[in-house]
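# Summary of structural features
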Amino acid sequence: MPAPEPPRERGKLQTVAHVIVVVAAGWWMLGQLASVLRPLLIATFFAYVLLPYYSRMRRSGVAAPLALVLLAGTAVGSLLIVSMFAYANLLSLSEEAPTLKGNVLRLVEEFQGTVGAKLPAWVMSPGGAGAKRPEEYLAERMPGVVQDVANVALAGFVEAAVAGLYLLFLLMGAERLPGRVRQAYPPDRAEQILEVAGRINSAIISYLKAKTISSLLFAVPVWLVLTLCGVKFAVLWAVLTFVCNFIPYIGSVVAYSVPVAFTLLQFGTTSLALGVAVALLTIHLVCAMLVEPLLIGRAVGLSPLIVLAALAVWGLIWGLPGMVLAVPLTVVAKIVLENIEMTRPIAKLAEE
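Fair warning: this is a prediction, and the values are worked out from it, not measured in the lab. (Residues numbered from 1 in each chain as written. Predicted model: local features only at pLDDT ≥ 70, side-chain atom pairs only at ≥ 80, totals over all residues. Heavy atoms only, no water.)

Let us now look at the overall build of the chain. For the chain, the count of helices and strands is 13 helices and 0 strands. Counting the 352 residues in the chain, one finds 33% classified as buried. Excluding contacts between residues fewer than 6 apart, the proportion of contacts in the chain whose partners are at least 24 apart in sequence is 73%. Of the roughly 20,500 Å² of accessible surface on the chain, 71% is carried by carbon and sulfur atoms. (Helix = DSSP H or I, 4+ residues; strand = E, 2+ residues; numbered from the N terminus. Buried < 20%, exposed > 50% of the residue type's maximum accessible area, 1.4 Å probe, protein only. Contact = heavy atoms within 4.5 Å. Areas by Shrake-Rupley, 256 points an atom, 1.4 Å probe, with all protein chains shown as cover.)

Next comes the structure, spelled out in structure tokens:
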């Protein structure tokens, strides 16, 4: 008969099994509760941005109800206006699909005339003689892609409305939260919880405030360049730049490539698209190398590998909203892990 496993080894196996079960259950629950948790987290991070201004207004003698109405109303109204405007622009963009389709066909024909003759036949017709050509496939897919994006924007509008409702109640209960914690826990435990919460608050507020300012300084020049060049839906591309700037690494690629590609499709000429590409690349480089380091610095304190892993995980669970929330959620997780003795080494490994 095989010898029984030592109690220590059996305990390790049980711990690993418990961790796997908890992670799997958490993954499933996050996916199932996405429609509830996503707007709640968005509202929470908006509350982090607004709370310093709320406290400043209260110290200035503004009554709490008036301060709530002004801040929450401004935030919710701005969020809904931007969502509605983006959806309206995407609907207008879908109406431009026939023109863009014609430009796609013409550009591909020009490409085939200049470069395609030098390439093997299987590159230009990968599916064989009877398959659709690449330009035909792209032209057919374009209206559907634009409509899919418009549907996503509509879902974002609904989610923004729910987040606004959460935000109102979060701001209303923010002042009473420390007192409730002190009533619910013993004094030492309550102070420890409030200390950890204070560190989380400080980290998230500094990150979101700096990131919001840098994103605005990023989006405004993009809007100005596209407007001066006559590119349609310049405000839409500026909003895309603002949102994508909250997504490390990947967001910059999307915010740069989409307006440049649309400029090429709108005008059907490479000369103007090249000028827009150079101008936007200059803006991206200046913001990435000067503006963001000056405003944010090492505020996040996370390893680039951890940031990429967080983007992959939260993007897989919640899509684009998950990628926007990935860095703040990871910062919160790191601070919590630092305050638990067993998980403190994991938090140290996540540092930059």
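A few words on the packing of aromatic side chains. The relative placement of two aromatic rings is captured by the distance of their centres and the angle of their planes. By the definition in use, this model includes 4 aromatic pairs. Taking the centre distance of 5.6 Å and the plane angle of 65° together, the rings of Phe 242 and Phe 246 count as edge-to-face. Judged by relative accessible area, which is 11%, Phe 246 ranks as buried. Look at Trp 314 and Trp 318: their rings are 5.3 Å apart centre to centre, the planes differ by 50°, and that puts the pair in the tilted class. Of this pair, Trp 314 and Trp 318 both sit in helix α12 (residues 304-338), 4 residues apart, roughly one helical turn. One aromatic cluster is present, built from ring pairs that chain together Phe 233, Trp 237 and Phe 262. (Phe/Tyr/Trp six-rings, centres within 6.5 Å; stacked < 30°, edge-to-face > 60°.)

Next up on the list: the packing of helix α8 (residues 187-228) against helix α9 (residues 234-244). The N-to-C vectors of α8 and α9 enclose an angle of 155°; their axes lie 8 Å apart at closest approach. Considering the angle they form, α8 stands roughly antiparallel to α9. The handedness of the crossing between α8 and α9 is right-handed. Note on element contacts: α9 touches α8 through Ala 234, Val 235, Trp 237, Ala 238, Thr 241 and Phe 242, opposite Thr 212, Ser 215, Leu 216, Phe 218, Ala 219, Val 222, Trp 223, Leu 226 and Thr 227. Taken together, the residues of the contact of α8 with α9 break down into 11 nonpolar, 4 polar and no charged. (Axes fitted to C-alpha atoms, helices over the stretch in contact; angles between N-to-C directions. Parallel < 35°, antiparallel > 145°, perpendicular 65-115°, else oblique. Left-handed = near helix turned anticlockwise from the far one by under 90°. Nonpolar A, V, L, I, M, F, W, Y, C, P; charged D, E, K, R; others polar.)

Core analysis: the biggest nonpolar cluster contains 25 residues, and Phe 45, Ile 204, Leu 208, Trp 314, Trp 318 and Val 331 have the highest contact counts within it. Only α2 (34-59), α8 and α12 provide two or more residues apiece to this core. Top contributing element to this core by residue count: α12, with 13 residues. Leu 93, Phe 218, Leu 226 and Ile 283 belong to the second largest nonpolar core, which has 19 residues in total. (Core = buried A, V, L, I, M, F, W, Y, C linked by side-chain atoms within 4.5 Å.)

Further remarks concern a nonpolar patch on the surface. A grouping of Phe 85, Val 220, Trp 223, Leu 224, Leu 228 and Val 235 is seen on the molecular surface, where their side chains present a nonpolar patch of about 560 Å² in accessible area. If one sorts the elements of the nonpolar patch by residue count, α8 sits on top with 4 residues. Within the element layout of this structure, Val 235 appears in helix α9. Under the relative-accessibility criterion, Val 235 is labelled partly exposed at 33%. (Patch = residues over 30% accessible without salt bridge, like charges linked within 9 Å, V, L, I, M, F, W, Y side chains within 5 Å. Salt bridge = Lys/Arg side-chain N within 4 Å of Asp/Glu carboxyl O.)

Time to look at the pattern of salt bridges. Counted under the stated rule, the structure contains 1 salt bridge. The shortest N-O distance in the salt bridge between Arg 182 and Glu 191 comes to 3.2 Å.

A few words on helix α10 (residues 250-267). Here α10 is 18 residues long and its end C-alpha atoms lie 26 Å apart, about the 26 Å a rise of 1.5 Å per residue gives. At the C-terminal side of α10, Gly 268 shows a positive phi close to 65°. (Expected span 1.5 Å × (residues − 1).)

We now examine the confidence of the model for the chain. When pLDDT is averaged along the chain, the result is 75; 75% of the residues meet or exceed 70. When pLDDT is averaged over each helix and strand of the chain, the minimum, 49, is found for helix α5 (residues 121-124) and the maximum, 86, for α9. (pLDDT = per-residue confidence, 0-100.)

A few words now on the environment of Leu 171. Turning to its location among the elements, Leu 171 is positioned in helix α6 (residues 134-173). Overall, the relative accessible area of 0% leaves Leu 171 in the buried class. A C-alpha to C-alpha distance of 9.7 Å links Leu 171 and Ala 67, two positions 104 residues apart in sequence. Excluding residues that lie within four positions of it along the chain, Leu 171 makes contacts with Ala 47, Leu 50, Leu 51, Leu 68 and Ala 72.

You can see Lys 211 is positioned in helix α8. You can call Lys 211 buried: its relative accessible area is 7%. Among the polar contacts made by the side chain of Lys 211, one reaches the main-chain carbonyl oxygen of Asn 245 at a distance of 3.0 Å. (Polar contact = N/O pair within 3.5 Å; in protein donor to acceptor, adjacent residues only side chain to side chain.)

Structurally, the position occupied by Ala 34 is in helix α2. With a relative accessible area of 9%, Ala 34 lands in the buried category. For the pair Ala 34 and Pro 321, spaced 287 residues apart in the sequence, the C-alpha separation amounts to 9.9 Å. With sequence-adjacent residues up to four places away left out, Ala 34 is seen in contact with Pro 39 and Trp 318.

Positive phi is not limited to glycine here, since Phe 233 has a value of about 60°. By secondary structure assignment, the location of Phe 233 is in the loop between α8 and α9.

Put simply, α2 and α12 touch, their axes get as near as 11 Å, and they point 45° apart. Here α2 is positioned oblique relative to α12, judged by the angle of their axes. As for the relative orientation of α2 and α12, their crossing is left-handed in sense. Residue-level contacts link Ala 34, Leu 37, Arg 38, Leu 41, Ile 42 and Phe 45 of α2 to Trp 318, Pro 321, Leu 325, Pro 328 and Leu 329 of α12. Class assignment for the residues of the contact of α2 with α12 results in 10 nonpolar, no polar and 1 charged.

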